[in-house]
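An overview of the molecular structure
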Amino acid sequence: QVQLVESGGGLVQAGGSLRLSCAASGRTFSSYAMGWFRQAPGKEREFVAAITRSGGSTDYVSSVKGRFTISRDNAKNTVYLQMNSLKPEDTAVYYCAGRMHTVAWWLSSRQTEYKYWGQGTQVTVSS
């Protein structure tokens with residue numbers, strides 16, 4: 001079992017940047033594919049980005065492509081979400097999620113595929 005703890009959220013003006021971190025417990029982090037999801041007020045939680053176990057492949061929702069970058073440091077048991085050119089519509093609670101997988105190139109945009117979730121961190125972008 002792995003525990004995930006997000007950090008790095010906050011209030012930023014439109015056009016600004018934030019970097020979210022998700023620290024994982026345990027010694028098998030490199031076996032986990034990871035994802036970031038977000039939930040805006042009054043909306044359902046949606047996929048943002050995902051990364052394979054090694055970090056060799058990534059995927060993004062179209063609305064953040066070119067602005068957000070997901071990465072990971074397996075030595076530090078941490079996955080990151082660098083968010084640039086933030087917009088008010090990026091305001092949401094951001095969650096990281098993880099799933100151990102035997103396939104090195106596996107990643108998913110589907111929430112139901114992930115077993116472990118963090119508690120979320122609030123990102124607010126003011127106009």
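Preceding this paragraph is the structure being described.
Quick look at the structure, then. (Residues numbered from 1 in each chain as written. Predicted model: local features only at pLDDT ≥ 70, side-chain atom pairs only at ≥ 80, totals over all residues. Heavy atoms only, no water.)

Quick notes on unusual backbone geometry
Going by this rule: In DSSP terms, a helix is any run of H or I states spanning at least four residues, a strand is any run of E spanning at least two, and both are numbered starting from the N terminus. Three exposure classes are used, based on accessible area relative to the maximum for each residue type with a 1.4 Å probe and protein chains only: buried under 20%, partly exposed in between, and exposed over 50%.
Unusually for a residue other than glycine, N77 sits at a positive phi of about 55°. Tracing the chain through its elements places N77 in the loop between β7 (68-73) and β8 (78-83). The phi angle at S85 is positive, at roughly 50°, despite the residue not being glycine. Tracing the backbone shows S85 in the loop between β8 and β9 (92-100). By relative accessible area, which is 41% here, S85 ends up partly exposed.

Quick look at the sheet that holds β8
Spelled out, the test is: At least two bridges found by DSSP between two strands are what make those strands a pair. Geometry is summarised by axes, namely lines fitted to C-alpha atoms with helices restricted to the contacting stretch, and by angles between N-to-C directions that run from 0 to 180 degrees.
Here four strands make up an open sheet; going across it, the order is β1-β3-β8-β7 and the pairing antiparallel. At either margin of the open sheet sits one strand with a lone partner, and together these are β1 (4-7) and β7. Here the average twist between neighbouring strands, direction ignored, is 15°. Here β7 runs beside β8; their pairing, made up of six bridges, is antiparallel. By the bridge assignment, R72 is partnered in β8 with V79.

Coordinates in, geometry out; function isn't part of it.
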